[in-house]
Amino acid sequence: MLGTRQIGAALAALAESARRELLTFDDPAASPARSLPASFLQLAGDCARTAGERVPTVRRVLPRHARDALTALCGASGSGPPPGQARLTDSIPFKMILVDRTVAAVPLDLELLYNGMLLIRDPVVVQALVRAHQAWWESGEELLPHRIPLPGARAPGSGSGAGAGGEAGCAGPGAEAMPEHLRPVLDALLAGLTDEAAAARLGISGRTYTRRVGELFAALGTTSRFRAGAEAMRRGWL
């Protein structure tokens, strides 16, 4: 899978699908060092945080050199440490997001999801990845206490209007077609463009672009950029 639009939508869908467990190999120091777009980093971070807050088990394995980067990231966001547990090891074999032991996302270059992503659903391969994560986890040094509460975090399944799966407002088969004037707006959001860059690309004013983003969110029944990608994928708009 290539392209920030497709990758962003896939990450959002993974975050929405998480129900029981989230296992990751991660290196927070890698992305800033490669000067990735801030909007893409925010989207990926929002997806990971939301998935982490909705599942009972989160285990992150990080390389030791990422300790300072993680501290700086938490301080900059003002949202505290990511949910769940984390352990430090000398290194990680590759970056990975593994959801509910059923699907894994691995970068094509094994380092950055931004450069391309492979979704793995083969049960044998997924089980091998689970075992690899377990081996690194058992050799790691504890970094964070389990389930550190975050400002404004809600328990899984809570919130007004949400069902047991937290997917209120999601349309199923037969949902109305996407308004054509909003398609370029969705493309810009999933490409990780800033509002200014997106407006310039579409040849409209910043105010008009902001208004159309609001229209898109209303059409999708959400106020979140990463959830917009997941909902658009579910509706077949991508």
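Just so we're clear, the structure is a prediction, and the values are computed from it rather than from any experiment.

A.B. asks: What's the story with the pairing of strand S5 (residues 103-107) in this structure? I'm lost.
C.D. replies: Remember that side chains alternate between the two faces of the sheet whenever the strand is regular. Across the 5 residues that make up S5, a large majority, 5, are buried. Neither face of S5 is open: one carries Val-103, Ala-105 and Pro-107, the other Ala-104 and Val-106, and all of them are buried. Inspection of the sheet shows strand S4 (residues 96-99) paired to S5 by 3 bridges, in the antiparallel sense. Within the sheet, the bridge partner assigned to Leu-98 lies in S5 and is Ala-104. The turn linking S4 back onto S5 is made up of 3 residues, and Asp-100 within it adopts a positive phi angle of 55°. Two elements, S5 and strand S6 (residues 117-120), share 4 bridges in a ladder whose sense is antiparallel. Along S6, the bridge assignment pairs Ala-104 with Ile-120.

A.B. asks: What is the right way to look at the nonpolar core in this model?
C.D. replies: Within soluble globular proteins, side chains that are nonpolar generally end up buried alongside one another. Ranked by size, the top nonpolar core spans 19 residues in total, and within it Leu-11, Leu-22, Ile-97, Val-99 and Met-117 carry the most contacts. Those elements that provide at least two residues to this core are helix H1 (4-17), helix H3 (38-54), S4 and S5. Broken down by element, this core gets its largest block of residues, 6 residues, from H1. If you look at the next biggest cluster of nonpolar residues, it comprises 18 residues, including Ala-9, Leu-182, Val-185 and Leu-190.

A.B. asks: Got a minute to help me understand helix H5 (residues 123-138) in this structure?
C.D. replies: Turn by turn, an α-helix covers 3.6 residues, leaving residues three or four places apart pointing in a common direction. Between its terminal C-alpha atoms H5 stretches 22 Å, which fits the 22 Å expected from 16 residues at 1.5 Å a residue. Those residues of H5 lying buried are Val-126, Leu-129, Val-130, His-133 and Trp-137. Buried residues along H5 cover an arc of 105° about the axis, so they all sit on one side. Exposed side chains of H5 directed beyond 90 degrees from the buried face belong to Val-124, Arg-131 and Glu-138.

A.B. asks: Is there a simple way to explain the pattern of salt bridges in this structure?
C.D. replies: Two side chains bearing opposite charge may form a pair once their charged atoms approach each other closely. Counted by the stated rule, this structure contains 7 salt bridges. Between Lys-95 and Asp-26 there is a salt bridge; the shortest N-O distance is 3.3 Å. In this pair, Lys-95 is assigned in the loop between strand S3 (85-89) and S4 and Asp-26 in the loop between strand S1 (21-25) and helix H2 (30-33), connecting sequence segments 69 residues apart. A salt bridge links Asp-90 to Arg-64; the nearest nitrogen and oxygen atoms lie 2.8 Å apart.

A.B. asks: Any chance you could explain a nonpolar patch on the surface here in plain terms?
C.D. replies: Taken together, Leu-2, Leu-108 and Leu-118 make up a surface patch of nonpolar side chains, about 300 Å² in accessible area. One can find Leu-108 in the loop between S5 and S6.

A.B. asks: How do you make sense of the packing of helix H6 (residues 183-190) against helix H8 (residues 206-220) when you look at a structure like this?
C.D. replies: Between H6 and H8, whose axes approach to 10 Å, the crossing angle comes to 95°. On the basis of the axis angle, H6 is roughly perpendicular to H8. On H8, the residues touching Val-185, Leu-186, Ala-188 and Leu-189 of H6 are Tyr-209, Arg-212, Val-213, Leu-216 and Phe-217. When the residues that make up the contact of H6 with H8 are grouped by side-chain class, the tally is 8 nonpolar, no polar and 1 charged.

Rules of the game
Residues numbered from 1 in each chain as written. Predicted model: local features only at pLDDT ≥ 70, side-chain atom pairs only at ≥ 80, totals over all residues. Heavy atoms only, no water. Buried < 20%, exposed > 50% of the residue type's maximum accessible area, 1.4 Å probe, protein only. Helix = DSSP H or I, 4+ residues; strand = E, 2+ residues; numbered from the N terminus. Pairing = 2+ DSSP bridges. Core = buried A, V, L, I, M, F, W, Y, C linked by side-chain atoms within 4.5 Å. Expected span 1.5 Å × (residues − 1). Arc of directions from axis to C-beta. Salt bridge = Lys/Arg side-chain N within 4 Å of Asp/Glu carboxyl O. Patch = residues over 30% accessible without salt bridge, like charges linked within 9 Å, V, L, I, M, F, W, Y side chains within 5 Å. Areas by Shrake-Rupley, 256 points an atom, 1.4 Å probe, with all protein chains shown as cover. Axes fitted to C-alpha atoms, helices over the stretch in contact; angles between N-to-C directions. Parallel < 35°, antiparallel > 145°, perpendicular 65-115°, else oblique. Contact = heavy atoms within 4.5 Å. Nonpolar A, V, L, I, M, F, W, Y, C, P; charged D, E, K, R; others polar.

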